[in-house]
Structure formats: structure tokens, C-alpha cells
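Observations on the three-dimensional arrangement
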Amino acid sequence: MQKKHLAAAAAATAFAAAGGAVQAQSSVTVYGLLDTGLEFVNNAGANGGSVTRLSSGNMNTSRIGFRGSEDLGGGLKAIFQLENGFKLDTGNFDGDANQLFNRQSTVGLEGGFGRVVAGRSYTTTYDFILPFDPMGYSANYSWVTSAGATGGRKDGMLSSASNLIKYQGQFGGVKIGATYAFGEVAGSQSEGAKYALGLGYGNGPFSLAATYDRNNSTAAATGGAYDKATSAHLAGGYQASDAWKLNLGYRYYKKTLASGATDLRSDMFWGGGSYKITPAMTLIGTVYYQNIKNVANDADPIMYSLRLKYAMSKRTDLYASTAYAKAKNNQLVGLSRDESGFGNSQFGLTLGMQHRF
């Protein structure tokens, strides 16, 4: 009788252990980032006045997200990610108010072959090129994703897309990636479609990346024609030491208009780096310059951006960011990639705090 009890207890223990092992094969993480600051900007309105305001997402966009994985065996995992960006100062969505998970909403598979996801996400161009921006995914003050140009247009990369399938794989020092987003327009496979290709390489202190993307408009003109925006990027980085890191980047941009008007062309150049003054304090500086083509009296704007960041802990930073932008020929220019300019120059200063969880 005692042997039966011992056998039953052993079986129960084994079952519980097995159940615990199965449970351990799946994981879900809740994460987020909160970023806000007090910002002063001149030439901030039609009357040319200055403004002092509480701003959100200065160094990085405030967000909350959920990501998880399940071990399917044989080195294969099911993965998902849901991520919402929001304005910390108002509580509003950052972007389209109808998009709950406006940054990421994907499900996919990951294994030795790499990672494939489907849904809404950032493109291969964004994934490969943004790490070479010394200001690091910053809304204030960076022009790597897009910049104000003559006539108020934005000449930038294809940053994110809905209805996409995205692949990325790492094989030694070589990284490859591809994105395709369906246009989902009846009768046309190409209208509204978007795609991006990327190739990266890293070896010791050196790293390089090159991308190409196309963004087809859904605003069809007479005869079914649509605007086509193309960009190509080349970027490189050098980790000179534990303290010094340098980055350079270039963007070719061309937009062919369905109306038959002159193509919109520009070239973007940026360069800068970061220096760790102490293990907790980092100084970051970058220069962005955009050369506008095919336009008389063009803006050719330039921006000088500087940030001092102090790490209070692994999760909390204090920072001070400042920038000055200038355009030629009395054209308009703005510091932010998200806002229009109201003068031919603009100065901004932000004192902020960021916390990650």
C-alpha cells in the first residue's frame, strides 16, 4: 500500500514538472517607454512667435507594448508583438487615432532561417538605417526618417506599413531583410503597394547597411496612374573605442508624380557621433543636410543637433537636447520631422526625462 502511495506521488510530481516545463516554453512580456520634456521653440506659429510647451516623445516615442513567444520545438518559435505609441502630455494616440496598435501588430515565426512576421510594423529600411542615426530614433531633433523641404513637402524613407510581410535574417556578420506591403486595391497589384530591401554587415568596430524601397500611392489619377516614391540609403558606423562612436548616412529620394509634373528629388546627408564623458553621461551631436533638386530657389535646409544624456539608472535618463535649423532663399524649415516650419530658421531646446520598463 505504501509503495502505491509513493508511485502515485512520484507520478503527480512528474506530471506537475512536465506541466511547468510546458508552461515555461511560452512567455509574454509587457514593456514600455515614457518620455516627456519641457520644450522652447521659436518661429513656432504663423505670427513668428515662440512657444514653451510640455512635449512627448522627444528622445523616443512614448509607448506600451506586449511581446511573446512559444517554443514549437526543433528551434522554431511562434512570436507576436503589439505596440501602441501615445502622447504622454495629452494621453492621445501618437498617429492615426483609429490605430490602437499604431507602431506594431504582428504575428510570425522565428528559427534558424531568421524571422518572418505579418501585420503592421516598421519596414526593413527603418530597421536597417535608424541604428546609424546618432540621435537614435529621435523625434526631437533628427531628420533621418524625413525632413522639411521646399514647399513644405517631406522627403523621407518608407518607415512603416500596414498589411505587410517582413523577413529578417542574421548569418554571421551579414544581415538581410525584405518587406512587402499589399496595396489591396481591386484590379491592381501594384497600386498602393510598398516594398523594401536591406543588406547589412558588421565586423568588429565597423558596420554598414544599404537599403532600397518603393512606396506607391493609392491616390489614382486619370488613367489609373499613381505617385511613386523611391528612396535608397547607405550608412556606416565605426566604434572607435568604448567611449567614441561615429556614424554617417546618405539618402537618395525621388518621387515621380502621376500628374506628369517634374519629379521631386533630394539628397540627404548626415554625420555625427557620441562620446561617453563618464559611464553615466553621454554627449551626442549630429549635422543633417538636405540638397533639394529640380526646384528654383530651393531650401537646402541644414540642422545642427546636440544632446547631453545622463543615466540615473539602467532604466531612467535625464537629457537636454538643442538644435538649430536654417533654410536658404527665405524658405520654411522646422526642427521636427512631424511639424511644418513657420520661418526660414528655428531654434529649439528641450529638458526632459525618459523611463523604460
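A short tour of the structure in this document, coming up.

Calculation criteria
- Per-chain numbering applies: the sequence of each chain, read as written, is numbered from 1 onward.
- Local features in this predicted model are restricted to residues whose pLDDT is 70 or higher, and side-chain atom pairs enter the listing and the counts only when it is 80 or higher, whereas totals over whole chains, interfaces and linings include all residues.
- The basis for every side-chain value is the complete set of non-hydrogen atoms in the structure, without hydrogens or water.
- For helices the rule is a DSSP run of H or I covering at least 4 residues; for strands it is a run of E covering at least 2, with both sets numbered from the N terminus onward.
- A 3.5 Å cut-off defines polar contacts: any pair of N or O atoms within that distance qualifies, except that in protein one atom must be a possible hydrogen donor and the other a possible acceptor, and neighbouring residues in sequence count only when both atoms are side-chain atoms.
- What makes two residues a contact is simply this: any of their non-hydrogen atoms within 4.5 Å.
- Note on exposure labels: buried denotes an accessible area under 20% of the residue type's maximum, exposed denotes more than 50%, and partly exposed covers the range between, all computed with a 1.4 Å probe on protein chains only.
- Strand pairing is defined by DSSP finding a minimum of two bridges between the two strands.

What follows deals with the side chain of T179. The topology assignment puts T179 in strand β8 (residues 174-181). Only 2.7 Å separates the side chain of T179 from the side chain of T124, close enough to count as a polar contact. Setting aside residues up to four positions removed in sequence, T179 forms contacts with T123, T124, L164, I165, K166, K194, Y195 and A196.

Moving on, we come to the environment of A225. Turning to its location among the elements, A225 is positioned in the loop between β10 (206-216) and β11 (228-238). Residue A225 is classed as partly exposed on the basis of its relative accessible area, which comes to 29%. As a C-alpha pair, A225 and G260 span 35 residues in sequence and 9.7 Å in three-dimensional space.

The subject of this paragraph is the pairing of β8. Strand direction decides the pairing type here: strand β7 (residues 160-171) and β8, joined by eight bridges, are antiparallel. What sits directly across from I165, in β8, is Y180. Between β7 and β8, which pair antiparallel in sequence order, lie two residues; one of them, G172, sits at a positive phi of approximately 65°. Across eight bridges, the pairing between β8 and strand β9 (residues 194-203) is antiparallel. Along β9, the bridge assignment pairs I176 with L199.

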